Amino acid sequence: MDGNGRWAQRRGLARTEGHAAGETALFDAVEGALDIGVRWLTVYAFSTENWKRPADEVRYLMRFNESLLMRRRDELNAKGVRIRFAGRRDWRVPKRVLRRMVESADLTARNRRMTLTMAFNYGGRAEIVDAVRALVADGVPADHVDERAIAKRLYWPDMPSPDLVIRTSGEYRISNFLLWEIAYSELVFTDVLWPDFRREDLFEAVREFQRRERRYGGVDKA
Ligand code: IPE
Ligand code: MG
């Protein structure tokens, strides 16, 4: 969900206004995803690198995410959305925010229409490091280490590999998002800044996805 700061700056607003405006984009995208039957949606809300931002902005983002969960979880629950979080639950995440995360996940744990995973204090490399730590802690011998052994120690082993990754705001990078999981994902880049993103932009990305031919390293069947 990139481009909040630039969206705000272009309007002469504080960067944090861009984050606030991103909420509308998120809920429109979720609504659109539900409409077209998307079962798994993962959004990058806060990265392990975002702690480098000015303290004011970090504080704002923590409070904003907390309040968003409190204000919106019932509505997501009513729509059949299961809320999950992927990332490190380390000391830097305020206790109150962690509490809301646990509450929201518990509240929606039985929903199956869609799983909305919020990558929060998430880093793709950190996730792989955590999986390797778990391997070592489990005493897995070197010759038993394979892709399955790593994959089942990721944050959510039941999450299917993403079909499509959408990067907004005209940046052509992955920026540490789901590194392991996106090995064969289709990537779609759009110049739209996140606060301007709407379900139509999601549909456009899905249409682009449908035009792609996926071979997974093999050859065309025809
Ligand atoms: C993404 O928007 C939101 C978060 C990282 C929380 P940015 O804040 O990165 O916006 P730009 O990239 O500065 O425009
Ligand atoms: Mg950015």
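Model, not experiment: these values are computed from the prediction.

Rules behind the numbers
- Residues numbered from 1 in each chain as written.
- Chains lettered and ligands numbered in written order.
- Predicted model: local features only at pLDDT ≥ 70, side-chain atom pairs only at ≥ 80, totals over all residues.
- Heavy atoms only, no water.
- Helix = DSSP H or I, 4+ residues; strand = E, 2+ residues; numbered from the N terminus.
- Expected span 1.5 Å × (residues − 1).
- Buried < 20%, exposed > 50% of the residue type's maximum accessible area, 1.4 Å probe, protein only.
- Contact = heavy atoms within 4.5 Å.
- Axes fitted to C-alpha atoms, helices over the stretch in contact; angles between N-to-C directions.
- Parallel < 35°, antiparallel > 145°, perpendicular 65-115°, else oblique.
- Left-handed = near helix turned anticlockwise from the far one by under 90°.
- Nonpolar A, V, L, I, M, F, W, Y, C, P; charged D, E, K, R; others polar.
- Core = buried A, V, L, I, M, F, W, Y, C linked by side-chain atoms within 4.5 Å.

How would you explain helix α5 (residues 124–137) if you had to name every residue and give the values?
Residue pairs three or four apart in sequence face the same way in an α-helix, which turns once every 3.6 residues. Here α5 contains 14 residues, and its C-alpha end-to-end distance of 20 Å stays within 8% of the 20 Å for a straight helix at 1.5 Å per residue. Of all the residues in α5, the buried ones are G124, A126, E127, D130, A131 and L135. On its buried face, α5 is in contact with β3 (114–122) and α6 (147–151). With its phi angle positive at about 70°, G139 sits one or two positions after the end of α5.

Kindly report on the packing of helix α2 (residues 15–35) against helix α7 (residues 199–211), identifying the contributing residues and their values.
For the pair α2 and α7, interaxial distance at closest approach is 8 Å and the crossing angle is 50°. Taken together, the axis directions place α2 and α7 in an arrangement best described as oblique. The hand of the α2/α7 crossing is right-handed. Between α2 and α7, the contacting residues are D28, A29, E31, G32, A33 and D35 on the first element and R199, L202 and F203 on the second. For the contact of α2 with α7, the class distribution of residues is four nonpolar, one polar and four charged.

Can you explain the packing of α2 against helix α3 (residues 55–78)? Please cite residues and give values.
The interhelical angle for the contact between α2 and α3, taken along N-to-C directions, is 25°, at an axis separation of 11 Å. On the basis of their axis angle, the class for α2 and α3 is roughly parallel. Here the hand of the crossing between α2 and α3 comes out right-handed. Here R15, T16, H19, A20, E23, F27 and V30 of α2 come into contact with α3, specifically with E57, Y60, L61, F64, L68, R71, R72, E75 and L76.

Any details on the nonpolar core? Residues and values, ideally.
The biggest cluster of nonpolar side chains holds 32 residues, and the ones touching the most others in it are V30, L116 and M118. For this core, the secondary-structure elements that each account for two or more residues are α2, β1 (40–47), α3, β2 (81–86), α4 (95–108) and β3. For V30, the residues in contact, after removing those within four places along its chain, are L41, L76, M114 and L116. Counting nine residues, the second-largest nonpolar core is a separate cluster that includes Y44, Y122, M159 and I182.

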